[in-house]
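These are the residues of each chain, in order.
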Amino acid sequence: MTLCLELIHPRLLKPCNSKSNNCLPKVGFELRKWASNEEAVLHHVDQQSRASSPYPNDDDDGSLATLGIIWDTSADTLRFKVQAPDVNEDATKRKVLSTIGKIYDPVGFVDPVKAVAKQLLQRVWNLKHVNQQPWGWDAELPLQLRTEWLNFLEQMHYLHNISIPRVAIRSSVTTIQYHVFCDASEKGYGACCYIRSCDAQGHGTMKLFASKTKVTPLNSKHSIARLELGAAQLASLLFDRVRTAVNPGSLAVFWTDSMTVVHWLRASPNSWKPYVANRVSQVHQLTEGCTWRHIAGVDNPADLASRGCLGKDLLSSTLWWQGPSWMSLPEDQWPPPLLATPDPSVQAEQRVAVVACAAIELPAHRIFTLFSSYSKLRRLTAYWVQYWNRCTKRRSYENPGLTTKDLTDAEEVLCRLAQRDHL
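Residues numbered from 1 in each chain as written. Predicted model: local features only at pLDDT ≥ 70, side-chain atom pairs only at ≥ 80, totals over all residues. Heavy atoms only, no water.

### Considering the overall build of the protein chain
For step 1, the next point in the chain: A count of helical and extended segments in the protein chain gives 13 helices and 9 strands.
For step 2, the next point in the chain: Out of the 423 residues in the protein chain, the part that is buried amounts to 39%.
For step 3, the next point in the chain: Partitioning the intrachain contacts of the protein chain with sequence separation of at least 6 by distance along the chain shows that 67% fall at a separation of at least 24.
For step 4, the next point in the chain: Accessible area for the protein chain stands at about 25500 Å²; split by element, carbon and sulfur atoms hold 53% of it. (Helix = DSSP H or I, 4+ residues; strand = E, 2+ residues; numbered from the N terminus. Buried < 20%, exposed > 50% of the residue type's maximum accessible area, 1.4 Å probe, protein only. Contact = heavy atoms within 4.5 Å. Areas by Shrake-Rupley, 256 points an atom, 1.4 Å probe, with all protein chains shown as cover.)

Here's what the structure looks like:
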């Protein structure tokens, strides 16, 4: 069991420590491994009850392992310790999976490096032999993948040099804003959340708070615009997790470099086809009251999360750790938003309105159902016409057979019956 006391005053720890030492041992619980970033807090704690470093013989002396991440109590920063295998070892599927699984980063500080690892693992997992059999666990990887894997291993040691301040929000700030960025590429898509703390003069500082990445499925045939919408959905889910964890007092501003996604999110979900409509509806639900804005691709830190980068590039990337440089300025000095322009991708996902009218078809005259042949129907009608003419003496006949006039009159009778039914 881990007990975390945040912002505890040194003078309050002594009575707390005395009460816990008197009560908890009676029921079998003894608090130990005390640690703090303030030495004065631990002044009344015995040396045996203090936490000791698990790395006494290396450069991490004095640091503590906290939930899989190194906590440097003297500098109050978080660091990573990854044990990379020897580059001279065989590069196999088993070794790749084992090494990537050791990169423990639940918050997502080194997600760009993990994105490269996920993309590489995805390609390794899809390897097949000539006979379409899956690649063996202990079989040597092909030359191209082996070269990429060795290059990845050679830069893993740069993760040791990454130092992240544990405190994201200082008590001296006046306003706090949450900014969530999202981006997608053919390789993957990701989202990252930053906290912007502003002072009384309006100047702000950005700090990375959390991030999340996913790889694009190999059999995916979605367009880049749809993948960008998936990144927006991932950003809304990430902010929902952050909101649940820290209960922010202010709403977030979401940023995407896809103008198509901005068009989709500014309209009602009913305006789009089912794929886009379902995701737009979920984003609207999770980001209700928040603002979606457009950002240039070169200023989008989520671009690193979607494409991935190696350890050396991540260590020196100010865009990833601090966000766009202009966000430290007051908001009235930020780049103006781009004007909305028509996009073919928007029109392709627009729902097509279909107007349906119910047509009531009246039953046809019974005479049309008596014969399947038109010639027989016409001759029968001609006999009826002749019979009517003989009875009313409208026409005289010299021979008993049908005449051409009878057949013509029969066709007119049939036309009038058909027109009466359908016109």
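Don't stop here, the text continues.
### Overview of a nonpolar patch on the surface
For step 1, the next point in the chain: Taken together, the side chains of L370, F371, Y383 and W384 present a nonpolar region at the surface, about 380 Å² in accessible area.
For step 2, the next point in the chain: With respect to the helices and strands, the residue W384 is situated in helix 12 (residues 374-392).
For step 3, the next point in the chain: For W384, a relative accessible area of 44% puts it in the partly exposed group. (Patch = residues over 30% accessible without salt bridge, like charges linked within 9 Å, V, L, I, M, F, W, Y side chains within 5 Å. Salt bridge = Lys/Arg side-chain N within 4 Å of Asp/Glu carboxyl O.)

### Thoughts on the environment of V110
For step 1, the next point in the chain: Relative to the helices and strands, V110 resides in the loop between helix 2 (93-101) and helix 3 (111-125).
For step 2, the next point in the chain: For V110, a relative accessible area of 1% translates into the label buried.
For step 3, the next point in the chain: Between the alpha carbons of V110 and L310 there is a distance of 9.6 Å; along the sequence they are 200 residues apart.
For step 4, the next point in the chain: If we ignore the near neighbours within four places in the chain, the residues touching V110 are F80, I103, D105, L159, I162 and L314.

### A word on the pattern of salt bridges
For step 1, the next point in the chain: On inspection of all chains with the given rule, the structure shows 13 salt bridges.
For step 2, the next point in the chain: We note a salt bridge from K114 to D105, for which the minimum N-O separation is 3.8 Å.
For step 3, the next point in the chain: With a relative accessible area of 4%, D105 lands in the buried category.
For step 4, the next point in the chain: The partner of D111 in a salt bridge is K114, with the nearest N and O atoms 2.9 Å apart. You can see D111 and its partner K114 sitting in helix 3, 3 residues apart, about one turn around the helix.
For step 5, the next point in the chain: A network of salt bridges, in which partner residues are shared, links R395, K405, D406 and D409.

### Let's talk about the nonpolar core
For step 1, the next point in the chain: With 48 residues, the main nonpolar core has F152, F181 and W320 as its most contacted residues.
For step 2, the next point in the chain: Of the residues forming this core, the biggest block, 6 residues, is contributed by helix 3.
For step 3, the next point in the chain: Every residue in contact with F181, bar those within four places of it in the chain, is listed here: G190, A191, C192, Y194, M206, W255, I295, N300, P301, A302, P324 and M327.
For step 4, the next point in the chain: Counting 32 residues, the second-largest nonpolar core is a separate cluster that includes C182, A231, V261 and V283. (Core = buried A, V, L, I, M, F, W, Y, C linked by side-chain atoms within 4.5 Å.)

### A short note on the packing of aromatic side chains
For step 1, the next point in the chain: Summed over the entire model, instances satisfying the criterion amount to 10 aromatic pairs.
For step 2, the next point in the chain: Pairing W125 with W137 gives two aromatic rings, centres 5.4 Å apart and planes at 75°, and the pair type is edge-to-face. Here W137 lies in the loop between helix 3 and helix 4 (143-154) and W125 lies in helix 3, a separation of 12 residues in the sequence.
For step 3, the next point in the chain: The exposure class of W137 is partly exposed, given its relative accessible area of 36%.
For step 4, the next point in the chain: With centroids separated by 5.6 Å and ring planes inclined at 20°, the aromatic side chains of W149 and F152 adopt a geometry described as stacked. Of this pair, W149 and F152 both sit in helix 4, 3 residues apart, which is roughly one turn of that helix.
For step 5, the next point in the chain: W149 gets classed as buried once you look at its relative accessible area, which sits at 1%. (Phe/Tyr/Trp six-rings, centres within 6.5 Å; stacked < 30°, edge-to-face > 60°.)

### What about the packing of helix 3 against helix 4?
For step 1, the next point in the chain: Packing of helix 3 against helix 4 leaves a shortest axis separation of 11 Å and a crossing angle of 160°. One finds that helix 3 runs roughly antiparallel with respect to helix 4. By crossing handedness, the relation of helix 3 to helix 4 is classed as left-handed. Here helix 3 contributes V113, V116, A117, L120, R123 and V124 to the contact with helix 4, which in turn contributes Q144, L145, E148, W149 and F152.
For step 2, the next point in the chain: Its residues assigned to classes, the contact of helix 3 with helix 4 shows 8 nonpolar, 1 polar and 2 charged. (Axes fitted to C-alpha atoms, helices over the stretch in contact; angles between N-to-C directions. Parallel < 35°, antiparallel > 145°, perpendicular 65-115°, else oblique. Left-handed = near helix turned anticlockwise from the far one by under 90°. Nonpolar A, V, L, I, M, F, W, Y, C, P; charged D, E, K, R; others polar.)

### Comments concerning the pairing of strand 2 (residues 69-72)
For step 1, the next point in the chain: In strand 2, alternate side chains face the same way, and those of I69 and W71 on one face and I70 and D72 on the other are all buried.
For step 2, the next point in the chain: Bridge count for strand 2 against strand 3 (residues 77-79) is 3 bridges, and the pairing is antiparallel. Residue pairing across strands places W71 opposite L78, the latter belonging to strand 3.
For step 3, the next point in the chain: Between strand 2 and strand 3, which follow one another and run antiparallel, lie 4 residues, and D76 among them has a positive phi close to 55°. (Pairing = 2+ DSSP bridges.)

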